[in-house]
Amino acid sequence: MPNAKVAIVKNVPRTLSWRTPGIVAAVARGDDVTTHAVGAANLEYGIRLHAQSCFHLCSLTKQFIGFTVALLVRQGALSLQHRIRMYLPEFPTMQGVGDRITVEHLLYHTSGVRDYVALFGLANRDEATLQTEGSVLDLIVRQQALNFDPGSQHLYSNSGYFLLGKIIERVTSSKLGQLLHREIFGPLRLRETMVRDDEGSIIPNRAWGHRVVRGKVRQHIGLCSAAGAHGVYSTIGDLVEWDRSLVRGYGGPASRDVLRDMERRGNVGGRPIDYAFGMYVTRHEGHRLHYLVGGGDGYRHAHFRFPEIAMSVIVLGNSTAVAAYRLAARITKTLLGETPIGRSEVRTRRLYDGPEVKALPRGEADLVTRRYDGTAFRSEELDMTYRVAAASGRLLLLKGTSVAHSLEVLGPDRFASRYLWLEGVRDVRERVSGFFLSNQYARRVAFERCM
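Details of the overall build of the chain
A tally of regular secondary structure across the chain gives eleven helices and 23 strands. Looking at the chain residue by residue over its 451 residues, the buried ones come to 54%. Looking at the chain alone, contacts between residues at least 24 apart form 63% of all its contacts between residues at least 6 apart. Separation between the mean location of the 60 positive side-chain charges and that of the 44 negative ones in the chain comes to 5 Å.

Right under this line is the structure:
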């Protein structure tokens, strides 16, 4: 097998330097661990990344939630078949549909619950404005519809794992950070791993997240403390130790039995999906593979675990410009000499089935947008209002005086941008009375005309 250091360095982009955000990567094979760091943890103070740099793990957090659910199920404290309103009575019934959502639906992303990050996108609000768990929960329980009937589809939802975190807290009567430290971080001696449960938490050796906006690097300070979907901070060394403990079964809660439980995949319509307890589970060239990806707050991460051969490849990046998954896949290919790893995650960019629909010519588009020009629409589910204007054959959604979204005209009452879709609604007099606004992870949020 090729040298791990060579495999990492060979695949790291040469554009990374101590003057740019960067990556910390690791390859672990049994007791042999190789790490490599390049780039800055904080550009403002010229602090470089190193093996002890502490990253917000974003969605890599979900594996710890999956472990905790598996542990509570094994202890008899929780059942995957329990309906979530048993623990979250404030969750809306949604005319009986919400009553059918189970813990299992949240775990496998088959609940249909709209993703709260996607809802903030529809409202043109930055995720960083989510300052408290209460504000996230309030946004979720304001929703009066699901993306789809529970169990009928698989669609990634941060809301589902946030709600799992709240259920864990109510079952155990413990804050999530305290519980994870007691059951996982403490026993495994993951000394640099913690849950950031408020915006004032001190994160030693923090690798700050960065965004690239119109070619310029900007530091991104995430304020959201919504533990469950994300919220765990850790180092590359602690993640390697976590993998070792899972694979070996250290004799405490993180036993091989719990790992086997975590590997149980969900299904939709009787057909298995590749998602299990907070991670994707598949096979690659004969080897069982767990993989996770994480992004948000100015970070991009990828985590591959091969439990049968006790090998892990982990890439933690502190910029949205870092292609962490691609880098981890290339390192793995160099090491194993095998075909590239393909992602199983469901990603649907088009809302409508069928062939691609082209935008209408300018003249026809102007006739369509004229019906919307000068109106305003409000969504109680998002607690916000858009003013609508027509300009140059496009439909503009205005937030205050700023353009929040600019959409092409696809047809009568149908509009779209790259990741946003709008479907107009008419009343019996053929007047525009409202619309449904959708993106990939939050579908058909209702707006009613208020002007």
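Still more to cover.
Concerning the environment of Leu16
Take Leu16: it is sitting in the loop between α1 (4-11) and β1 (23-29). You can call Leu16 buried: its relative accessible area is 18%. Considering only alpha carbons, one finds Leu16 and Val315, 299 residues apart in sequence, at a separation of 14 Å.

Here's the deal with the packing of aromatic side chains
Here the distance between the centres and the angle between the planes together describe a pair of aromatic rings. Scanning the model with the defined rule gives 16 aromatic pairs in all. Ring geometry for Tyr275 and Tyr280: centres 4.8 Å apart, planes at 85°, overall edge-to-face. Side by side, Tyr275 and Tyr280 carry an identical accessibility label, which is buried. For the pair Tyr291 and Tyr325, a centre-to-centre distance of 5.9 Å together with 65° between the ring planes defines the contact as edge-to-face. Separated by 34 residues along the polypeptide, Tyr291 in strand β13 (residues 287-296) and Tyr325 in helix α10 (residues 324-336) bring together distant segments of the chain. Side by side, Tyr291 and Tyr325 carry an identical accessibility label, which is buried. Through a chain of ring-to-ring contacts, three or more aromatic side chains come together here, namely Tyr156, Tyr275, Tyr280, Tyr291, Phe304 and Tyr325.

Things to note about empty space enclosed by the protein
Tallied over the full model, the rule gives five cavities of 30 Å³ or more. Taken together, Ala28, Gly30, Val240, Asp243, Arg244, Val247, Arg248, Ala310, Met311 and Ser312 form the lining of the largest cavity. Taken together, the elements giving at least two residues each to the lining of the largest cavity come down to α8 (236-248) and β15 (311-317). For the lining of the largest cavity, the leading source of residues is α8, giving five residues.

Points about the environment of Leu57
Secondary-structure assignment places Leu57 in the loop between β5 (55-56) and α2 (62-75). On the basis of relative accessibility, which here comes to 0%, the residue Leu57 falls in the buried class. Dropping the residues within four chain positions of it, Leu57 is found in contact with Phe64, Val232, Ser234, Leu239, Gly294, His301 and Leu316.

Comments concerning the pairing of strand β14 (residues 299-306)
Extensive coverage of β14 is indicated by the burial of seven of its eight residues. Connecting β13 to the antiparallel partner β14 that follows it, the hairpin turn spans two residues, and Asp297 within it adopts a positive phi of roughly 55°. Taken together, the seven bridges between β14 and β15 define a ladder with antiparallel strand orientation. Directly across from Arg300, in β15, lies its bridge partner Gly317. The turn joining β14 and β15, which pair antiparallel and follow one another in sequence, is formed by four residues; a positive phi near 50° is taken by Ala310.

Definitions and cut-offs
Residues numbered from 1 in each chain as written. Predicted model: local features only at pLDDT ≥ 70, side-chain atom pairs only at ≥ 80, totals over all residues. Heavy atoms only, no water. Helix = DSSP H or I, 4+ residues; strand = E, 2+ residues; numbered from the N terminus. Buried < 20%, exposed > 50% of the residue type's maximum accessible area, 1.4 Å probe, protein only. Contact = heavy atoms within 4.5 Å. Lys, Arg positive; Asp, Glu negative; His and termini not counted. Charge placed at Lys NZ, Arg CZ, Asp CG, Glu CD. Phe/Tyr/Trp six-rings, centres within 6.5 Å; stacked < 30°, edge-to-face > 60°. 1 Å grid on protein atoms, 1.4 Å probe; cavity = no way out; pocket = protein on both sides within 12 Å on 5 of 7 lines; lining within 4 Å. Points joined across faces, edges and corners; volume = space filled by probe spheres on them. Pairing = 2+ DSSP bridges.

By themselves, these figures tell us nothing about what the structure is for.
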